Structures are given as structure tokens and as C-alpha cells.
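Here is what each chain is made of, one letter per residue.
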Amino acid sequence: NAGVTQTPKFQVLKTGQSMTLQCAQDMNHEYMSWYRQDPGMGLRLIHYSVGAGITDQGEVPNGYNVSRSTTEDFPLRLLSAAPSQTSVYFCASRSTGGAEGYTFGSGTRLTVV
Amino acid sequence: AQSVTQLGSHVSVSEGALVLLRCNYSSSVPPYLFWYVQYPNQGLQLLLKYTSAATLVKGINGFEAEFKKSETSFHLTKPSAHMSDAAEYFCAVTLYSSASKIIFGSGTRLSIRP
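Cut-offs used in this document
Residues numbered from 1 in each chain as written. Chains lettered and ligands numbered in written order. Predicted model: local features only at pLDDT ≥ 70, side-chain atom pairs only at ≥ 80, totals over all residues. Heavy atoms only, no water. Disulfide = S-S within 2.5 Å. Helix = DSSP H or I, 4+ residues; strand = E, 2+ residues; numbered from the N terminus. Buried < 20%, exposed > 50% of the residue type's maximum accessible area, 1.4 Å probe, protein only. Pairing = 2+ DSSP bridges. Axes fitted to C-alpha atoms, helices over the stretch in contact; angles between N-to-C directions.

### Quick notes on the state of the cysteines
All names here are of chain B.
- Evaluation of the coordinates by the stated rule reveals 2 disulfides over all chains.
- The disulfide partner of Cys-23 is Cys-91, and the gap between their sulfur atoms is 2.0 Å. Given an S-S torsion of about -65 degrees, the disulfide between Cys-23 and Cys-91 has left-handed geometry. Of this pair, Cys-23 sits in strand β3 (residues 19–26) while Cys-91 sits in strand β9 (residues 87–94), and the two are 68 residues apart along the sequence.
- You can call Cys-23 buried: its relative accessible area is 0%.
- We classify Cys-91 as buried; its relative accessible area is 0%.

### A word on the sheet that holds strand β1 (residues 3–7) of chain B
Residue and element names in this part refer to chain B.
- Sheet architecture is open: 5 strands sit in the order β1-β3-β8-β7-β6, paired in antiparallel fashion. At either margin of the open sheet sits one strand with a lone partner, and together these are β1 and β6 (56–58). Strand-to-strand twist in this sheet, taken as the mean axis angle between neighbours without regard to direction, amounts to 20 degrees.
- Taken together, the 3 bridges between β6 and strand β7 (residues 64–68) define a ladder with antiparallel strand orientation. Paired with Val-57 across the strands is Ala-65, a residue of β7.

Such coordinate-based values are descriptive only and should not be taken to indicate function.
Okay, here's the thing in C-alpha cells:
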């Protein structure tokens, strides 16, 4: 089925460890984003990309890196995990223009101990 | 810059009652507006969208929303609540642009009483 695929679905990290959250879409969408969702705070934008080779910061970028080498993939890297990064992470994509809205992945639940 | 405010972090209604979830937006130019629904432990699913065509928009599961420019509102309604409507609902706004970000409200959790 076409859509946005996120892996892994669950992850437990120790403080200081690094990891990469994977995101892939097969809809040829130019625009991809990473959000984190925390109770009572809605979705906050971490990083986004308007096309291969182009990325920019959202409202909460600290502690995260992204790259966009292909249209399909947009991985999110945690460089040195901290307990404050415990959250649910969503990847989303949309076509250029925005009228169709986002298609979301099913999320990655990350716990940092 | 655009923004969106959802009034009420939690709304509780009885089964069969009217559902009204409020959303107000701020935008310097006509926006695109969306409502998303999130069921427990799932991602967000598009419920409906306004993209400058009809001001009354119908979505899935019997929901609809009306774009009111004079009130800068895009409230979500459903005439008769069903137990399966219990979820979190997010209003979102964006502008027509390849580089425009989608900004989400903080969400409203809808509970349905038997």
C-alpha cells in the first residue's frame, strides 16, 4: 500500500546513545517533515525538507539532524539521546502546493532512559 | 505567519449528541485548513480539508466543517456522536506554497459518554 513507512515502531535508548529513525514514502512527495508529539503540546515540527538535498529547521530542532539524499527517504538522527527526547515521532509527507494535506506514518515511540 | 488555536483540550458529549470542536486560525492570506483525527496509538488521518472551494466541507465519518472568514474559524461538527468518534482531533493550517509549513493546533480530545 502506498504511504509513509516509519521504522522502528518502538525503541528504548540509554542516555547518550545515538540512533536513526527511518522514514520512507512512495508517493513521490517533495515535502517531508518530522514532528514530535508530547501530551498536551500537540505536534511540534522538528525538521522539514522541500525536496532532495534541501532541509530546514522547525521549531524544536536541537539534538536532531536530518538529510534528504533521495525524494523517498528522510531519516531523523538523534546524536546523543536525552530523556527530554522521549516522545512519539511522526514522519509526514505531502505534495507540492499543500492542498492535499499530509500523509502521516504510524509513528515511532521512543523512550530514553 | 500563520497559527491555529483549538479551544478546549477536552470535550465530552453523550452518544447521539452534537459534536462541536472549535478551531480559530490566524493568517495574512487565505489559508488551507485541515482537520485530522488520531485514534489511540495510531498516526494522524485526514478528516477533511478546506482549500478555497466550498466553505462547507464534508469529511469522513459524518463530520463537516465550515470556513468562516469573518470569524477566522473552521469549527468541526457532527450531528450525532458515536462511541467510535472518541479520539484526538487536530486542526491545522498552511498556505499555498511549496515551502509552506503546516502548523497544528494543540489538539482536542473527544470523549463520548454512553
